[in-house]
Amino acid sequence: MPQTNGVVSLYLKDFRSYGELVLDTRAQIIVITGENGRGKTNLLEAVSLLSPSKGIRKAKTTDLPKFGSKSWGVSAGVLHSIHGDLQFGVGDLGEETPKKIIRMNGETLKTHQDIGKMITQLWLTPAMDRFVVDAPSGRREFIDHIGWTFNLEHATHISTYEHAMKERSKLLKDGVRDKIWLESLEKTIAQMGVAIVSWRETVLVLLKKIIAELLIPSGFPRFELNFEGDIETLIQNKSALEAEAFFQEKLGLSRELDAIKGGSSMGPHRSDLSFLFCPKNTPGYLCSTGEQKILILGLVLSSIKLLELKSQGVPLLLLDEVIAHLDPIYRRILFDQIKNLKVQTWMTGIDIKDFQDLRSHSIYFSP
Amino acid sequence: MFGQEIQQLIFLLSRFPGLGPRSGRRLALHLLKKKETTLLPLIHTLQRAAEAVKVCSECGNLDTSPVCSICTSTKRDSKVLCVVEEISDLWALERSGEYHGRYFVLGGKLSAISGVKPEDLKIPFLVNKIKTSGITEVVLALNPTLEGQTTLYYIRECLENLPLKITGLAHGVPMGGELDYLDDATLTTAMMRRQVV
Ligand SMILES: Nc1ncnc2c1ncn2[C@@H]1O[C@H](COP(=O)(O)OP(=O)(O)O)[C@@H](O)[C@H]1O
Ligand SMILES: [Mg+2]
Ligand SMILES: [Zn+2]
């Protein structure tokens, strides 16, 4: 079996439904099958916790220890193309106050963000089924997450933007109309706002290239991604400096309105990522459940490929119950993509027979 | 487990910046075990500091005279004024040894959310001081955080049209980093290469 960068071994201790589990995961694809409630998602969740986030379920750390236990732990041997063999551990030692700690090669990481530099994960779970039609914030966060994974400045820009926006809202709400103070904040908001939108556009351009060069040629249905919003329109025919000046001026003019409504009616926090399903020329939100699944799958596949190309971390893709909505044609397309990705992929499903075509690249596990 | 006095001591020690319950216990034990050589001299020093140390009425620094030794020193360039957020920043810049002018300590940074307004930072006082005391360069050595940069912009705008050179620390101070945490060499370079803002 080809040696893939990724998790090569996994050890769970008192994690969710598992008392103790040791798994050899030296394969490009790890297929986890079994009936409902067997612990398939729990296993993906364990892997997803090898990240700065709260994992695929966004769970509280107190929900993670096996019933009756206070401590829990997940450790993993990871093969990294540059750093070689790494050992990661995440867990809670079970002291008075619950506290998640992350270790790399035996040393506790100072900030949880640091593990994100070594492992970059993306996942698709049933909870994301309505991604295409849900509130726009989820779609913005997805692209922003991709964006800062290989450009940390993007994260700084977003947090500075949000912070400045809160400061401005507070001044407006309190009736403070200090011109210089407001101008200073609005200047920052405009600069950060244009930088955020520009970087999102860059990410989209890269994703579109991958979609066109990798997904479409192997039979994936054509689809389009676009960011829509005032700043997006602005930067199409203005320089960044002009766009900043224009945005700042707009903010200056809308103070009284924003004082009443809160926030601001313009800015990257209002942008939305839209989909177009080309075979039928339908916008994403009008697509069938199955078609929506294809769209989000297309986004996730192209994104993990982008991370594989651009980020320093080992890419991991987690797909929970993804094939359920897919007819045989799309299953085959998905499997071809996964085999070609060069990214370790973890998949769950009910019936092992559904995964026969992945045999050459997979190891199988039934909890 | 402990008597009231020990508990109170641990509690107070553990609330110092950078300390916690564990280091609070260690410190308390250390002080109590070596009473003659650590605890009693400390009490004496604390008492004297409490009586003698004052806030400088000119710059906001701490010293034992009403106007601090930096403000009264004739060796320092009285035409250059460096504005910092906290006394810890002033101390950090003094450690780096590259700066020879005087200081003004704001005692914070503009923040709507924390309710810190220009008056709370004595910005009107600062602007008046700059206008009336023959200062030719103002160095705005503020932290590269949102609040720090907002404060920088605010003061700069208040000083607009005055015959002044207004500078800020050179880039390389990372966004979100605080001056006090920078190593001396980085801070020295940032001060040496200060730029007009
Ligand atoms: N902290 C926990 N301790 C023990 N069992 C748990 C814990 N959290 C969840 N479970 C159990 O794990 C099972 C769900 O496992 P899951 O991985 O979601 O199943 P599936 O195979 O359907 O994906 C449930 O039966 C649930 O009771
Ligand atoms: Mg499940
Ligand atoms: Zn002084």
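Coordinates for the structure precede this section.
Residues numbered from 1 in each chain as written. Chains lettered and ligands numbered in written order. Predicted model: local features only at pLDDT ≥ 70, side-chain atom pairs only at ≥ 80, totals over all residues. Heavy atoms only, no water.

Observations regarding the overall build of chain B
Piece 1. Along the backbone of chain B there are 8 helices and 7 strands.
Piece 2. Expressed along its principal axes, the backbone C-alpha trace of chain B runs to roughly 65 × 35 × 35 Å.
Piece 3. Taken across its 197 residues, chain B has 42% of its residues classed as buried.
Piece 4. Summed over its atoms, the accessible surface of chain B is roughly 11200 Å², and 56% of this surface lies on carbon and sulfur atoms.
Piece 5. Of the side-chain charges in chain B, 23 are positive and 21 negative, and the distance between the mean point of each set is 5 Å. (Helix = DSSP H or I, 4+ residues; strand = E, 2+ residues; numbered from the N terminus. Buried < 20%, exposed > 50% of the residue type's maximum accessible area, 1.4 Å probe, protein only. Areas by Shrake-Rupley, 256 points an atom, 1.4 Å probe, with all protein chains shown as cover. Lys, Arg positive; Asp, Glu negative; His and termini not counted. Charge placed at Lys NZ, Arg CZ, Asp CG, Glu CD.)

Description of the nonpolar core
The tendency in soluble globular proteins is for nonpolar side chains to be buried side by side.
All names here are of chain A.
Piece 1. Core analysis: the largest hydrophobic core is formed by 86 residues, its most contacted members being L10, L334, W346 and M347.
Piece 2. Ranked by residues supplied to this core, first place goes to helix α8 (residues 289–310) with 10 residues.
Piece 3. A domain-level breakdown of this core finds at least three residues from each of domain 1 (6–129 + 311–365) and domain 2 (136–275). (Core = buried A, V, L, I, M, F, W, Y, C linked by side-chain atoms within 4.5 Å. Domains from an automatic or database assignment.)

Some remarks on the site of ligand 1
All names here are of chain A.
Piece 1. Among the 15 residues in the neighbourhood of ligand 1, the closest are listed as G37, K40, T41, N42 and R57.
Piece 2. At 2.8 Å, a backbone N or O of P65 approaches a nitrogen atom of ligand 1.
Piece 3. One of the backbone N or O atoms of F67 is found 3.0 Å from a nitrogen atom in ligand 1.
Piece 4. For ligand 1, whose unbound accessible area comes to 580 Å², protein coverage reaches 74%. (Near = heavy atom within 4 Å. Polar contact = N/O pair within 3.5 Å; in protein donor to acceptor, adjacent residues only side chain to side chain.)

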